[in-house]
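Descriptive structure summary
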Amino acid sequence: MSALICEVVYRGIFQKNLAARITRGIVLSARKSGRWGIAFGRYGDSPQRNGIPAKDFAIVADTKEELEQNMARYEPKHVDVTVCVDDTLSKGVESWAWYGLQPINRLTEPNGTLLMTSLQSFDALLKDIHKKDAPYKLSLIRAKASFSGLWVYKEDHTEVRILGALAKIAPSFLTLDAVAEAIKEMEWGSELKVASARKTYERIETREVKITEGNAEVPYAFEMPKWWEMREGVTIPAIPIGKPKEGGQGYVPERNPYFKKFSTRTMRPVIDFDTCVKCNLCWIACPDSCFDVMPDGTFDANMDACCGCGVCEAVCPVEDCITMVNESVFNDNASQWEMWRTDKTAYKTWLTATIGDKKTTARSHGFRFRGQYDEELKKDLDTGGVEIAAGIPGENAARKV
Amino acid sequence: MAIATATQAASEDKELLISGSEAVAEALVLVDLDVVTAYPIRPYDTVMQAIAKKIANGQLVAEYIVAEGEHSQFEIVKHASTVGARVFCGSSGVGWMYAMECLVVTPPLRVPMVALVGNRALDDPGAFGVEHNDALVVRDLGWMLCWIDTSQEALDTTLIAYRVAEDRRIFLPLAISADGAFLTHSQAITLVPPKEKVDRFLPRYDRGDLLLHPDNPITVAPQANEDWVIEIRRQNDEAMKRAVGVIEEAYADFRRIFGRGPENPWFEEYMAEDADVILIGMGTISLPLKVAIRELRAKGKKVGLIRLRWFRPFPFERLAQALGRAKAIGVIDRDYSFGSPFHSGVVANEIRAAMYNADKRPPLLSFICGLGGREVMLEDVYKAVDMCYAAATAGKSDSKTHWLGVRE
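Reading the values: rules and limits
- Within any chain, residue numbers begin from 1 and follow the written order of that chain's sequence.
- Whichever chain is written first becomes A and whichever ligand is written first becomes 1, with later ones labelled in order.
- Since the coordinates come from a predicted model, pLDDT governs what is reported: local features require at least 70, and pairs of side-chain atoms require 80 or more to be given and counted, while whole-chain, interface and lining totals use all residues.
- Numbering of helices and strands runs from the N terminus, with a helix taken as a DSSP run of H or I at least four residues long and a strand as a DSSP run of E at least two residues long.
- The size measure is the radius of gyration over C-alpha atoms, and the globule rule it meets is 2.2 Å times the number of residues to the 0.38 power.
- With C-beta atoms placed from the backbone, the exposure class of a residue follows from how many other C-beta atoms lie within 10 Å of its own: 20 or more, buried; 12 or fewer, exposed; in between, partly exposed.
- Note on contacts: residues are paired as contacts if their backbone-placed C-beta atoms lie within 7 Å.
- Amino acids outside the nonpolar list (Ala, Val, Leu, Ile, Met, Phe, Trp, Tyr, Cys, Pro) and the charged list (Asp, Glu, Lys, Arg) are all regarded as polar, and Gly is one of them.
- Pairs of strands are assigned from DSSP output, requiring at least two bridges between the strands.
- Domain borders in the structure are assigned automatically or taken from a domain database.
- Here a nonpolar core is just a set of buried residues of the types Ala, Val, Leu, Ile, Met, Phe, Trp, Tyr and Cys, joined wherever their C-beta atoms sit within 7 Å.

Okay, the overall build of chain B next. A count of helices and strands for chain B gives 13 helices and 16 strands. Over its C-alpha trace chain B gives a radius of gyration of 21 Å, about what one expects of a compact globule, namely 22 Å for 408 residues. Out of the 408 residues in chain B, the part that is buried amounts to 51%. Relative to all contacts within chain B whose residues are 6 or more apart in sequence, the contacts with residues 24 or more apart total 80%.

This part takes up the interface of chain A and chain B. The interface is formed by 15 residues belonging to chain A together with 18 residues belonging to chain B. Within the side of chain A that touches chain B, the residues separate by chemical class into 11 nonpolar, 3 polar and 1 charged. Judged from the 3 bridges that link them, strand β8 (residues 235-237) of chain A and strand β9 (residues 218-220) of chain B form a sheet pairing that is antiparallel. By the bridge assignment, P237 of chain A is partnered in β9 of chain B with I218 of chain B.

Looking now at the environment of K195 of chain B. All names here are of chain B. Looking at the element boundaries, K195 is found in helix α8 (residues 195-201). For K195, a count of 13 C-beta atoms within 10 Å puts it in the partly exposed group. In sequence terms K195 and W143 are 52 residues apart; their C-alpha atoms lie 28 Å from each other.

What follows covers the domain arrangement of chain A. Residue and element names in this part refer to chain A. Here chain A is partitioned into domain 1 (3-209) and domain 2 (267-363). Relative placement of domain 1 and domain 2: their C-alpha centres are 33 Å apart. Listed per partner, the contact involves 6 residues of domain 1 and 5 residues of domain 2. Taken together, the residues of the side of domain 1 that touches domain 2 sort by class into no nonpolar, 3 polar and 3 charged.

Attention now moves to the nonpolar core. Counting 126 residues, the largest nonpolar core has L28, L159, V164, L174, I278 and I280 of chain B as its most contacted members. For this core, the element with the highest residue contribution is helix α7 (residues 151-165) of chain B, accounting for 8 residues. Excluding its chain neighbours within four sequence positions, the residues that come into contact with L159 of chain B are A27, L30, V31, V198, F201 and L202 of chain B. The next biggest cluster of nonpolar side chains, apart from the first, holds 66 residues, and it includes L18, V79, V179 and I183 of chain A.

Attention now moves to the domain arrangement of chain B. All names here are of chain B. The domain boundaries assigned to chain B delineate domain 1 (14-258) and domain 2 (267-403). Here the C-alpha centroids of domain 1 and domain 2 sit 28 Å apart. The partner domain 2 presents 19 residues to the 26 residues of domain 1 that form the contact. Secondary structure elements with two or more residues in the side of domain 1 that touches domain 2: α6 (133-136), β6 (144-147), β7 (174-179) and α9 (229-258). Taken together, the residues of the side of domain 1 that touches domain 2 break down into 17 nonpolar, 5 polar and 4 charged.

Now the structure itself:
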């Protein structure tokens, strides 16, 4: 008797349909070899919002009894394969369903596999992925994160690429032929998709990760209070009033110590403090109060609190003063303002390079005109599914195409 | 409505001929109510009219808000209580149902709202008469529930209700149930105590750390995931458990200060000490039962009554003790619980559950009668008592539920 337990870590709304297709695909593929399975979402993640990290699971087993045994746990505590369909989640996951930051590989069994879609190198990813006290395998599918929406789906073959990769990782449960057969029968299946799955089976890149490798940061965690320690009446204390930044100047608000939000982010604002006109608009518009007022009157986006929604970029009246840049470029949440204060020339150089990269400034999610996904898809498929399609008609379009 | 006559000596009670609803309004003047919301539905509307008159007469200074429906009515007092106001509201039948969403959220928010439910049959058919199903709907949710029998008890229980609900150890809403028509609309001689006694009995409402105020910035009722919910339920459970001691404390203090009131807060025992057959009911059904019991006693039948005052918290230990003495028990429900065990009413099954671990479990017979406000006839009571005696002789219950006074 044996079972295969998979989790799919995905971005709420943007990848909701993708994750459901993957877990359904796993079960239906395993069914082709007579196995039993279940696909389910973590219910605490269910009231999704854009970008909030969330999880779906698939369990397949030889017998119904063993399936039941694994289903008795509402949420698997260990998984054979962690599927992560957006590499910015490699920095850790803080969902709505728990407190604290979970390393992306937390549930991955020793010698299990973390399977990601990414264009980054192994080494670049391992700067973000937390260290684990057991060795595991990191497998990469060369693809950019497939983001769509609740009502739209981007048919870029990501779901079948994952299934093709899983046939390589867990052949005793999912044979490539079973995967191909299942894909063909799926309401969204096609011969082209079967070909994509087979191609990924061949192209998947895998390497061992040793216990010495990875991000050494200890993810933040919280002790949950006992029922008699909690305030009564479903009340929580208000966030206290903030303090001046320094020397009585500026203002830094207090923030929720239990929920930091930043793992929701797929892009972050990069700020040019030299061109800031101190108009306050970003500070006013930010729905998460993530801007700290600096002593000089400029605004620094606090990277622990920023969800990456991009409203600040949209309201900023100064061209290139606030630019959203893909999260994969950054390795920490350090203050940009401090960096600027320390060495303004170096900052300008860094800023110019960072916001000048047409690939990393392409919006990671949202479509701006009818047919955009089709256009992107064509480019993706023509180039083997690896090219980032930049170009966001709409705000800043002319610059960024 | 009684007219307030010349002021009497402050230490004396004043005697008024008032209905149960008017007695509640008298108590609301005495507790110096802050906010009351109203939306008319019979029979609760009698109390809302009585309070309006008190305010119009200058006897009470309070915010009187006529809401556009029961949902808002209960929401408004919930919020007023959160900012520290002593509040009152109430409803009947389907009006109480329309407020359901607000009734559900009140206990977890620990809002010590006091409400009057003028018990009324739920629609359909549209009807005005008493049934207890309206108030009973909230029985599992953290509402304290009690049933009253007389105008005097209406006044006294309202005073006690604020003392209990607003106790920091509890902070739970409390609904006082009064049988529509039989109590809400019947006037009886009632003693109204002077305010100074009430002031000694009832401290001011202090919301403490839960007060919603700019000086105490808190968020009330945030969304929570499964990491928090069971702990919040457990807190409510503990508050309801603590209510037992607080209620006993309040009744003892009430007797000390006002010189009246029962020793046993939980239920009234009428000729029950030596009874072979004990009948159980809630509310004004006690009247025909007491009359019948006196008749039966005259014929040598040792029958007694337990009139349940408190339904939540349910006095299961004391009841089991009191009922163990009898040879048979007859529970008379003025409610129904279709499809429940033995197809009984709510009270019968609560008592069955309370007796399950008791050493002595006399046969229990279940009766449903008086629905929709139908009068409970003495003949029906005699019939019930005969069946109880038969069960006592047989040493076991017939495991049925008998509908009394229904045409068949």
